[in-house]
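Okay, here's what each chain looks like letter by letter:
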Amino acid sequence: MIGLDDLSIDLGEFVLNSFSLLVDEGEFFMVVGPSGAGKTVLLEAIAGLRQPSDGKILVGGRDVTDLPPEKRNVALVYQDYALFPHLSVEENIRWGLRFVSGPDNRHVEGLVKLLRLEYLLERSPETLSGGEQQRVALARALAVKPSVVLLDEPISALDPRFREDLQDYLSRINREGMTIMMVTHDFNEVLSLGHRVAVIVGGFLQQVGDVKTVFREPANRLVADFVGMKNLFPSSVKGRKASLEGGLSLVLNGQKSCGECLIGIRPEDVMIGQDLVEGTENVFPGRVVSIIPRGMAFEVVFDIVGLRLTGRMLSSALVREDVHPGVECRVGFCPGAIHVFNEGH
Amino acid sequence: MDRKFRERWFMLLMGSFLVVYIIWPLAGMFFRADWGIVASTTRDKVVLGALWRSIWTAAAATGIIALFGTPLAYFLARQEFRGKSVLEAVIDVPIMVPHTVAGIAVLMTFSPKAPLGAMLVRIGLSPVNSHLAIILACMFVSIPFYVDAARDAFYGVSPRLENVSRTLGASFPHVFFRISLPLAKRGLVSGLIMSWARGVSEFGAIVIMAYHPMVAPTLIYDRFATFGLKFSTPIAVQLILVCLGMFVVLRVLVSGKRREVIGG
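Residues numbered from 1 in each chain as written. Chains lettered and ligands numbered in written order. Predicted model: local features only at pLDDT ≥ 70, side-chain atom pairs only at ≥ 80, totals over all residues.

Turning our eyes to something else, we now look at the overall build of chain A. What chain A contains, in helices and strands, is 9 helices and 18 strands. With the C-alpha coordinates aligned to their principal axes, the bounding extent of chain A is approximately 70 × 45 × 35 Å. Counting all 345 residues of chain A, 40% fall into the buried class. (Helix = DSSP H or I, 4+ residues; strand = E, 2+ residues; numbered from the N terminus. Buried ≥ 20, exposed ≤ 12 C-beta atoms within 10 Å, placed from the backbone.)

What follows covers helix H1 (residues 39-47) of chain A. Residue and element names in this part refer to chain A. Of all 9 residues that make up H1, 8 are buried, and the element is covered over most of its length. All of the buried residues along H1 are Lys 39, Thr 40, Leu 42, Leu 43, Glu 44, Ala 45, Ile 46 and Ala 47. Among the residues trailing H1, Gly 48 stands out with phi positive, at a value near 90°.

Residues and elements named next belong to chain B. Across chain B, pLDDT averages 91, with 96% of residues at or above 70. Predicted confidence is poor over residues 258-264, with pLDDT under 50, and the contacts of this stretch with residues over four places away or in other chains come to 7 contacts. Across the interfaces of the predicted complex, the ipTM metric reaches 0.86, alongside a pTM of 0.86. (pLDDT = per-residue confidence, 0-100. Contact = placed C-beta atoms within 7 Å.)

With 22 residues of chain A in contact, the opposing surface of chain B contributes 18 residues. Sorting elements by how many residues they give to the side of chain A that touches chain B places strand E6 (residues 74-77) of chain A first, with 3 residues. When the residues that make up the side of chain A that touches chain B are grouped by side-chain class, the tally is 14 nonpolar, 4 polar and 4 charged. (Nonpolar A, V, L, I, M, F, W, Y, C, P; charged D, E, K, R; others polar.)

Residue Pro 213 of chain B is bonded to the preceding His 212 of chain B through a cis peptide linkage, with omega at -10°. Along the polypeptide, Pro 213 of chain B turns up in the loop between helix H10 (204-209) and helix H11 (216-227). Notably, Ser 18 of chain A is not glycine yet its phi reads approximately 25°, a positive angle. Position of Ser 18 of chain A among the secondary structure elements: in strand E2 (residues 15-23).

Residue and element names in this part refer to chain B. Across the interface, helix H7 (residues 131-155) lies against helix H9 (residues 172-201) with an axial gap of 8 Å and an inter-helix angle of 155°. When the axis of H7 is compared with that of H9, the two are roughly antiparallel. Crossing handedness for the pair H7 and H9: right-handed. Note on element contacts: H9 touches H7 through Ser 180, Ala 184, Arg 186, Gly 187, Leu 188, Ser 190, Gly 191, Leu 192, Met 194, Ser 195, Arg 198 and Gly 199, opposite Cys 138, Val 141, Ser 142, Phe 145, Tyr 146, Ala 149, Ala 150, Asp 152, Ala 153 and Phe 154. (Axes fitted to C-alpha atoms, helices over the stretch in contact; angles between N-to-C directions. Parallel < 35°, antiparallel > 145°, perpendicular 65-115°, else oblique. Left-handed = near helix turned anticlockwise from the far one by under 90°.)

A few words now on the domain arrangement of chain A. Residues and elements named next belong to chain A. For chain A, the assigned domains are domain 1 (2-226) and domain 2 (229-340). Relative placement of domain 1 and domain 2: their C-alpha centres are 38 Å apart. Each partner contributes residues to the interface: domain 1 has 5 residues there, and domain 2 has 6 residues. Taken together, the residues of the side of domain 1 that touches domain 2 sort by class into 2 nonpolar, no polar and 3 charged. (Domains from an automatic or database assignment.)

To continue, consider the pairing of strand E3 (residues 28-32) of chain A. All names here are of chain A. Of all the 5 residues making up E3, 5 are buried; the element is thus mostly covered by neighbouring parts of the structure. The alternating pattern of E3 places Phe 28, Met 30 and Val 32 and Phe 29 and Val 31 on opposite faces, both of which are buried. Across 5 bridges, the pairing between E3 and strand E8 (residues 179-184) is parallel. Bridge pairing in E8 links Phe 28 to Ile 180. (Pairing = 2+ DSSP bridges.)

Now for the sheet that holds strand E9 (residues 196-201) of chain A. Residues and elements named next belong to chain A. On the basis of which strands lie adjacent, the open sheet formed by 6 strands has the order E6-E7-E8-E3-E9-E10 and mixed pairing. Both outer strands of the open sheet, E6 and strand E10 (204-210), are each paired with one neighbouring strand and no more. Adjacent strand axes in the sheet meet at a mean angle of 15°, parallel and antiparallel pairs treated alike. The sheet contacts of helix H4 (residues 130-143) involve E6 and strand E7 (148-152), and relative to E6 the element is tilted by about 175°.

In this section: the pairing of E7 of chain A. All names here are of chain A. The buried fraction of E7 amounts to 5 of the 5 residues, a majority that puts the element mostly inside the structure. Judged by which residues are buried, E7 turns out to be covered on both faces: Val 148, Leu 150 and Asp 152 on one side and Val 149 and Leu 151 on the other are all buried. Summarising the sheet, E6 and E7 pair through 4 bridges and their orientation is parallel. If you follow Leu 76 over to E7, its bridge partner there is Leu 150. Pairing between E7 and E8: 5 bridges, direction parallel. Following the sheet pairing, Val 149 is matched in E8 by Ile 180. You can see the chain leave E7, run along helix H5 (residues 160-175) and come back into E8, and the turn it takes is right-handed. (Right-handed = clockwise from strand over helix to strand, strands pointing away.)

Structure below.
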């Protein structure tokens, strides 16, 4: 368990302001934010490597704010692995054991097996691939049986083919009861690994919640931008109806009321096709403005009565519906796909 | 010929001037030395005594510098603070000060008439014209060579390695001796060599603190002033041979260690 109580860290040019959050025992908790948001600094503060200017840090129910790092039982795995270059892989993994009373050799052997490091034990860290180094760093951190593990962007530096492997290892370690706090700038990782997530933007904790909620119902525009909710429109909402600029009127799932508020629609929720019937809820005639390749999928920008709506489609859908710039088509989304923000715009 | 080299040959051409400038005079000394006299000076007790004195006093000075300079270098590498650049400039001052001036400054501090010197005299030490005087002079001129090298060596050790060791349960002293020091070793040893070499080659500061007992550079100067070039060159040749020998041995030792680390 990790508890942050009104934690502030002031590093001069860079500040984290009054963070409060609680990570439960055995939880896989994600901290996400753009690069330079102070995610690493937050982990270093929890590990005791940085002095907070205010607030309290609890680990396993114990106030550790004034304890040195070696007394906190918090393991930290850096993005660049930070393996000791003058020691072998095995010496790296066993480094922390000398400080543990009654080191558990079977536990270490189990880790070596789980992370498939048996054949690397004699090697020097400098001769290992990124994925192998990452696994050694994980084994070294877990060998001392920490009460929580902090991971600093462990996946993004890896070759794509190693990423899924590492995600599997992390899930297994978490399922075996380890509390994990992991920072990343990639929301895809959050979706595949995390139970709950905290979003940091501009030195402030913007939102904490379970991953699906933050993904579908971001708290504000900053979080929406970050989780990829591209279609944000100012509107006035009354009952089940949202009126947008330009006269477009959308049907919502539930009753709501606000004079001036922001609504958002995820691009994945935008649908196209002949089978959409015009005149039914939230289906409109539109025109394709542009198609931009985005990895495995395409980002398609539609013009609906003067409004720009971004959708995300697979190439199979583009072929089936014969989508190319200039084409007229029907565009729609479910009422449940519309998120009404609580804050004004 | 490799294309990169064709692009760079002019740089080499310009640079070789300096390399020749170092090798030419030293080599010339070997060619023109009277090897008969060199052979006889290797049996001259005074010469051997001076050589040995140069070696061990410089080593003693370096030892003292390492004891106090290593913590200072670590602090400079890890801590940011106001006035850090001023402190670093102060450490480098001995490089700029003319060595005779350095000698006078150290003499004024440790002469028996000065409080510090008087204190040394009271506990039975002789701070002028003694081995201690030579060590004190060497220390002053050698400090920057060790501290700068050691600071850079510690810079080269990622603080993240130290951080990780702390989170694994190691206390600060443990991390310093088991992680920081071993990883900085190469740079530290090279600093020790530079500091020692500076001490062995020192003349100006030493001659003011202690004309006697004579170190090798003082003896060379003394023979030159008394008997001329012919009798000072053989000692110079010997001093160079001894220094180059030590230099090469230490370098090889350090690079051997490095291979060991990389080979794992």
